[in-house]
Amino acid sequence: MTNNKIYFIANWKMYGTLHSVQSLKNVIKLKNKQIYNKAKIIYCPPYTLLELFSKSIKKTKLELGAQNCHFHSEYGAFTGSVNSKMIKNVGCKYVILGHSENRISGDSDKIINLKVKSSIKENLKIIFCIGETLKEKKKNKTNLILKKQLINGLRNIKNKKNIIFAYEPVWSIGTGIIPKSNDLENQILQIKHFLKRKFRIKHPTVLYGGSVSPKNISALNQISSINGFLIGGASQNSKKFIDIIKKTIN
Ligand code: PGA
């Protein structure tokens with residue numbers, strides 16, 4: 001996947017009602033060519049808003065993604081679930097997989113691997129999340145954990161061209177804390193090196209996620225190895241989201 005544009009992925013998590021489309025519309029109003037030449041803006045609202053958002057972004061340069069999908073690639077008796085076919089059908093081009101909030105609630109590497117396979121089958125682009133907990137970081141296990149998540153999550157996946165990666169330290173998500181610049185730069189470079197060496201991905205795209213905000217974006221933008229951002233809390237507020245994009249692009 002090309003990585004010369006900067007990614008801004010809005011992960012709305014379990015937030016948003018029908019009225020929230022206004023936040024998206026404020027971003028659509030940003031008819032700034034320069035931004036779209038340099039940025040890829042992808043909205044990942046909850047399932048309930050996918051159809052509305054899909055309609056709203058028609059004729060715009062914005063793209064749509066889902067926050068997850070079921071591992072079963074066919075239709076079936078899985079109450080409360082949505083699979084890759086269904087998110088594709090509603091207009092998604094992307095899907096976030098391996099997010100720590102889903103790992104915590106039961107997604108094993110093996111399940112994530114099945115989700116990757118079923119998403120590839122549907123030609124979806126995958127935002128594959130990896131990240132260590134604070135406990136793992138304190139035990140100096142970060143690299144071990146990230147490698148395990150990558151090796152097991154991508155097992156037997158030959159075609160990795162539609163996969164981009166998001167490094168999201170669990171201790172950074174929703175806490176307001178971001179890694180020190182040097183540490184983050186090193187970590188992103190190490191992840192890229194591993195993806196190149198182990199998986200033969202020539203130009204891996206690696207995003208950063210965890211408490212990205214208008215306040216810390218200038219510091220994050222100093223880290224040249226980062227290819228974009230996966231943004232939770234700040235992405236629901238269009239003013240903050242636009243601010244992050246503008247501070248990065250300008
Ligand atoms: P946050 O979430 O920006 O609210 O920390 C990021 C994420 O979970 O993807």
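Predicted model only: the values in this text are computed from it and were never measured. (Residues numbered from 1 in each chain as written. Predicted model: local features only at pLDDT ≥ 70, side-chain atom pairs only at ≥ 80, totals over all residues. Heavy atoms only, no water.)

Some thoughts on the packing of aromatic side chains
Condition: Working definition: rings of Phe, Tyr and Trp (its six-membered ring) pair if their centres are within 6.5 Å, and the pair is stacked with planes under 30 degrees apart, edge-to-face with planes over 60 apart, and tilted otherwise. What counts as a helix is a DSSP run of H or I of at least four residues, what counts as a strand is a run of E of at least two, and both are numbered from the N terminus. The cut-offs for exposure are 20% and 50% of the maximum accessible area for each residue type, with area from a 1.4 Å probe on protein chains only; residues under the lower value are buried, those over the upper are exposed, and the others partly exposed.
Per the counting criterion, the structure on display carries 7 aromatic pairs. Arranged with centres 6.2 Å apart and planes meeting at 40°, the rings of Phe-8 and Phe-229 form a pair that is tilted. Within this pair, whereas Phe-8 is found in strand E1 (residues 6-11), its partner Phe-229 is found in strand E8 (residues 228-231), the two being separated by 221 residues in sequence. A single burial state applies to Phe-8 and to Phe-229, both of which are buried. Centre to centre, the rings of Trp-12 and Phe-53 are 5.3 Å apart; their planes meet at 80°, and the pair counts as edge-to-face.

A closer look at the site of the ligand
Formally: The nearness test applies per residue and asks whether one of its heavy atoms lies within 4 Å of the molecule or strand. Polar contacts, as counted here, are pairs of nitrogen or oxygen atoms within 3.5 Å of one another; within protein the pair requires one atom able to donate a hydrogen and one able to accept it, and residues that are adjacent in sequence qualify only if both atoms are side-chain atoms. For the area figures, the Shrake-Rupley method with a 1.4 Å probe applies, and any residue is considered shielded solely by the protein chains shown. Three categories are distinguished: nonpolar for Ala, Val, Leu, Ile, Met, Phe, Trp, Tyr, Cys and Pro, charged for Asp, Glu, Lys and Arg, and polar for the others, with Gly belonging to the last.
Around the ligand lies a shell formed by Asn-11, Lys-13, His-99, Glu-168, Ile-173, Gly-174, Gly-210, Ser-211, Leu-230, Ile-231, Gly-232 and Gly-233. For the ligand, an oxygen atom lies 3.3 Å from a polar atom in the side chain of Asn-11. Lys-13 is positioned such that a nitrogen or oxygen atom in its side chain is 2.7 Å from an oxygen atom of the ligand. Considering the ligand on its own, with 290 Å² of exposed area, one finds that the protein chains cover 94% of that surface. For the shell around the ligand, the residue count by class is 3 nonpolar, 7 polar and 2 charged.

Looking at the layout of surface pockets
Worth spelling out the cut-off: The way it works is a 1 Å grid over only the protein atoms, where trapped points that fit a 1.4 Å probe form a cavity and open points with protein on both sides within 12 Å along at least five of seven lines form a pocket, and then any residue with an atom within 4 Å of a point lines it. Grid points are joined across faces, edges and corners, and a volume is the space filled by probe spheres set on the points.
The space that makes up the largest pocket amounts to roughly 520 Å³. In this structure, the largest pocket is lined by 23 residues; those nearest its centre are Tyr-47, Gln-67, Asn-68, Cys-69 and Asn-102. Mapped onto the lining of the largest pocket, the elements with two or more residues apiece are helix H3 (47-56), helix H5 (100-104) and helix H6 (109-121). In terms of residue class, the lining of the largest pocket is built from 8 nonpolar, 11 polar and 4 charged.

Some remarks on the confidence of the model for the protein chain
Cut-off, in case you're wondering: pLDDT is a per-residue confidence score from the predictor, ranging from 0 to 100.
Across the protein chain, the average pLDDT comes to 96, with 99% of residues at or above 70. Mean pLDDT across the secondary structure elements of the protein chain bottoms out at helix H2 (residues 33-38), with 88, and peaks at strand E4 (residues 94-97), with 99.

Remarks on the side chain of Ser-211
Stated precisely, the cut-off is as follows: Note on contacts: a residue pair is in contact if any heavy atoms of the two residues lie within 4.5 Å.
Structurally, the position occupied by Ser-211 is in the loop between strand E7 (206-209) and helix H10 (217-221). Engagement of the side chain of Ser-211 in a polar contact is seen with the backbone nitrogen of Thr-175, the distance being 3.2 Å. Residues contacting Ser-211, with those up to four places away along its chain left out, are Ser-172, Ile-173, Gly-174, Thr-175, Gly-176, Ile-177, Ile-178 and Asn-216.

Structural notes on the nonpolar core
Inclusion rule: Within this scheme, the nonpolar core is defined by two criteria: the residues are buried Ala, Val, Leu, Ile, Met, Phe, Trp, Tyr or Cys, and they are joined through side-chain atoms within 4.5 Å.
Core analysis: the biggest nonpolar cluster contains 61 residues, and Tyr-43 and Phe-128 have the highest contact counts within it. Setting aside anything within four residues of it in sequence, one finds Tyr-43 in contact with Ala-10, Trp-12, Ser-23, Leu-24, Val-27, Phe-53, Leu-62, Glu-63, Leu-64, Gly-65 and Phe-241. Membership of the second largest hydrophobic core comes to 12 residues, among which are Ile-96, Ile-127, Ala-166 and Leu-230.

Some details on the sheet that holds E7
Let me state the cut-off plainly: When DSSP finds at least two bridges between two strands, those strands are taken to pair. Only the stretch in contact is used when fitting a helix axis, every axis being a line fitted to C-alpha atoms; angles between N-to-C directions are given from 0 to 180 degrees.
Pairing is parallel around the closed barrel formed by 8 strands, whose spatial order is E1-E2-E3-E4-E5-E6-E7-E8. When the angles between neighbouring strand axes are averaged without regard to direction, this sheet yields 25°. In the sheet, strand E3 (residues 63-66) pairs with E4 via 2 bridges, with the strands oriented parallel. Bridge assignment links Gly-65 to a residue of E4, and that residue is Tyr-94.

Description of unusual backbone geometry
Even without being a glycine, Lys-13 presents a positive backbone phi close to 55°. Following the sequence through the fold, Lys-13 ends up in the loop between E1 and helix H1 (21-28). Lys-13 gets classed as buried once you look at its relative accessible area, which sits at 17%. Of note, the phi angle at Arg-200 is positive, near 55°, even though the residue is not glycine.

Observations concerning H3
Short version of the rule: The reported arc concerns the directions from the helix axis to the C-beta atoms and nothing else.
By the burial criterion, the buried members of H3 are Leu-49, Leu-50, Phe-53, Ser-54 and Ser-56. End-on view of H3: buried residues confined to an arc of 155°, all on one side of the axis. In this structure, H3 carries Thr-48 and Lys-55 as exposed residues pointing more than 90 degrees from its buried face. Of the surrounding secondary structure, the elements contacted by the buried residues of H3 are H1, strand E2 (39-44), E3 and helix H4 (84-89).

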